[in-house]
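Now for the letters of each chain:
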Amino acid sequence: MTDSPQSPLWRSPVTSSDRLLLEMQRTIVEGEIASGSKISEPELARKFNVSRAPLREAMARLERCHLIERIPNAGARVVKLSTEGLRALYQIREELEGLACRLAAENMDEQEIEQLRGLLDQHLNTQRVREGESYYQEAGDLDFHYRIIIGSKNPYLINMLCDELYFLVRMYRVQLGMNGPRVSRAFDEHKAIINAIANRDGELADLLMRRHIAASRGNIELKLQQLGK
């Protein structure tokens, strides 16, 4: 899949702020900058070797995609992963990704569906899915969920899910949801969703995606509870 106006996540970085944004998104999503940690602008400027102006621009954009938050009289911090935050986010995710599946069943062409099947084959061959150990998906076009959202071909839905909420959802998925005993079931659920889309059964695809995300939420919620969050 190539870059297009419908895939806001992968517009090529142009400015130093663009490049900084992508790198900061990665470090926050993957936990290199810890969830809930206070943000020091001088420290980040040194870490990423940038001046304060592009850093502040990147931080404003991180705030818009919900990766950082500003606390009155306390400055900025990385968003804290929590049970309450997970529930609120995944309620929205269930509704919107269910809709994305229903639209994808109407709007994806046969080549796009076959490419999606190929992506799952690639996941199976490169991850430890069969062993139930790991199911790490790279961001963007290598992410099953991202591809379905793009396949909905609804620009407003794509903007909400692939720009505004994508990295916060991904933060929960990467840090808490891409390993452990559920990964083989998650892969099988992905296959069932593709089959529903290929059969042009939007209602079933919608239902299966909602169930899939609800199961993912339950898995992550259990891990958060175990961590005391």
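A quick note: this is a predicted structure, and the numbers were derived from the prediction, not measured.

Trainee: Hey, could you run me through the overall build of the chain in this one?
Mentor: Along its length, the chain carries 10 helices and 2 strands. Helices (α) and strands (β) of the chain occur, in sequence order from the N terminus, as α-α-α-β-β-α-α-α-α-α-α-α. By residue count, 47% of the 229 residues in the chain fall in the buried class. Considering only intrachain contacts with a sequence separation of at least 6, the fraction spanning at least 24 residues in the chain is 77%. Summing over all exposed atoms, the chain offers an accessible surface of approximately 11,300 Å²; the carbon and sulfur share of this is 49%.

Trainee: For this particular structure, what's the right way to read empty space enclosed by the protein?
Mentor: One water molecule sets the probe size; rolling that probe over the atoms shows where empty space is left. Scanning the entire structure with this criterion turns up 3 cavities of 30 Å³ or more. Space inside the second largest cavity adds up to approximately 60 Å³. For the second largest cavity, the full set of lining residues is Arg 93, Glu 97, Asp 143, His 145, Ile 149, Leu 161, Leu 165, Tyr 166, Val 169 and Arg 173. Of all elements in the fold, only α4 (83-107), α6 (144-152) and α8 (166-177) reach the threshold of two or more residues within the lining of the second largest cavity.

Trainee: Before we go on, may I ask you to explain the side chain of Ser 152 in this structure?
Mentor: Along the chain, Ser 152 falls in helix α6. With relative accessibility at 1%, the residue Ser 152 sits in the buried group. Ser 152 has contacts with Ala 100, Leu 103, Ala 104, Asn 107, Leu 157 and Ile 158, leaving out every residue within four places of it along the chain.

Trainee: Explain the packing of aromatic side chains here, please?
Mentor: Within a pair of aromatic rings, the relevant descriptors are the distance that separates the centres and the angle that separates the planes. Here the structure, examined in full by the defined rule, presents 2 aromatic pairs. Judged by centre distance (5.4 Å) and plane angle (90°), the rings of Tyr 166 and Phe 167 are edge-to-face. Relative accessible area serves as the criterion here: at 4%, Tyr 166 is assigned to the buried category. One aromatic cluster is present, formed by Tyr 146, Tyr 166 and Phe 167 through successive ring pairs. Of note, Lys 47 hangs over the ring of Phe 48, and the distance from its end group to the ring centre comes to 5.5 Å.

Trainee: I keep staring at the packing of α4 against helix α7 (residues 155-164) and nothing clicks. Help me out?
Mentor: Where α4 meets α7, the closest approach of the two axes is 11 Å, and the angle between their N-to-C directions is 135°. Classified by the angle between their axes, α4 and α7 sit oblique to one another. As α4 packs across α7, the resulting crossing turns out to be left-handed. Taken together, the residues of α7 that come into contact with α4 (itself represented by Leu 96, Glu 97, Leu 99, Ala 100 and Leu 103) are Leu 157, Met 160 and Leu 161. Classifying every residue of the contact of α4 with α7 gives 7 nonpolar, no polar and 1 charged.

Trainee: Quick question: what am I supposed to make of the pattern of salt bridges here?
Mentor: Any two side chains of opposite charge can pair, so long as their charged atoms come close to each other. This structure, assessed with the given rule, holds 20 salt bridges. The salt bridge involving Asp 206 is made with Arg 102; its shortest N-O contact spans 2.0 Å. Taken as a pair, Asp 206 in helix α10 (residues 202-226) and Arg 102 in helix α4 lie far apart in primary sequence, 104 residues in all. Overall, the relative accessible area of 6% leaves Asp 206 in the buried class. Residue class for Arg 102 comes out partly exposed when judged on its relative accessible area of 32%. Three or more residues joined by partner-sharing salt bridges are found here, namely Glu 23, Arg 26, Glu 30 and Glu 32.

Trainee: Is there a simple way to explain the confidence of the model for the chain in this structure?
Mentor: One rule of thumb: low pLDDT means the predicted coordinates there are not for detailed reading. Looking at the chain as a whole, the pLDDT averages 88, with 89% of positions reaching at least 70. No element of the chain has a lower mean pLDDT than helix α1 (residues 16-29), at 87, and none a higher one than α4, at 97.

Trainee: In this structure, what is going on with the pairing of strand β2 (residues 75-78)? I would like to understand it.
Mentor: Two faces, one strand: in a regular strand the side chains alternate between the faces of the sheet. Pairing between strand β1 (residues 68-71) and β2: 4 bridges, direction antiparallel. Each residue of the ladder has a partner; that of Ile 71, found in β2, is Gly 75. Linking β1 to β2, which pair antiparallel, is a turn of 3 residues; within it Asn 73 sits at a positive phi near 65°.

Basis of the calculations
- Residues numbered from 1 in each chain as written.
- Predicted model: local features only at pLDDT ≥ 70, side-chain atom pairs only at ≥ 80, totals over all residues.
- Heavy atoms only, no water.
- Helix = DSSP H or I, 4+ residues; strand = E, 2+ residues; numbered from the N terminus.
- Buried < 20%, exposed > 50% of the residue type's maximum accessible area, 1.4 Å probe, protein only.
- Contact = heavy atoms within 4.5 Å.
- Areas by Shrake-Rupley, 256 points an atom, 1.4 Å probe, with all protein chains shown as cover.
- 1 Å grid on protein atoms, 1.4 Å probe; cavity = no way out; pocket = protein on both sides within 12 Å on 5 of 7 lines; lining within 4 Å.
- Points joined across faces, edges and corners; volume = space filled by probe spheres on them.
- Phe/Tyr/Trp six-rings, centres within 6.5 Å; stacked < 30°, edge-to-face > 60°.
- Lys NZ or Arg CZ within 6 Å of the ring centre and 35° of its normal.
- Axes fitted to C-alpha atoms, helices over the stretch in contact; angles between N-to-C directions.
- Parallel < 35°, antiparallel > 145°, perpendicular 65-115°, else oblique.
- Left-handed = near helix turned anticlockwise from the far one by under 90°.
- Nonpolar A, V, L, I, M, F, W, Y, C, P; charged D, E, K, R; others polar.
- Salt bridge = Lys/Arg side-chain N within 4 Å of Asp/Glu carboxyl O.
- pLDDT = per-residue confidence, 0-100.
- Pairing = 2+ DSSP bridges.

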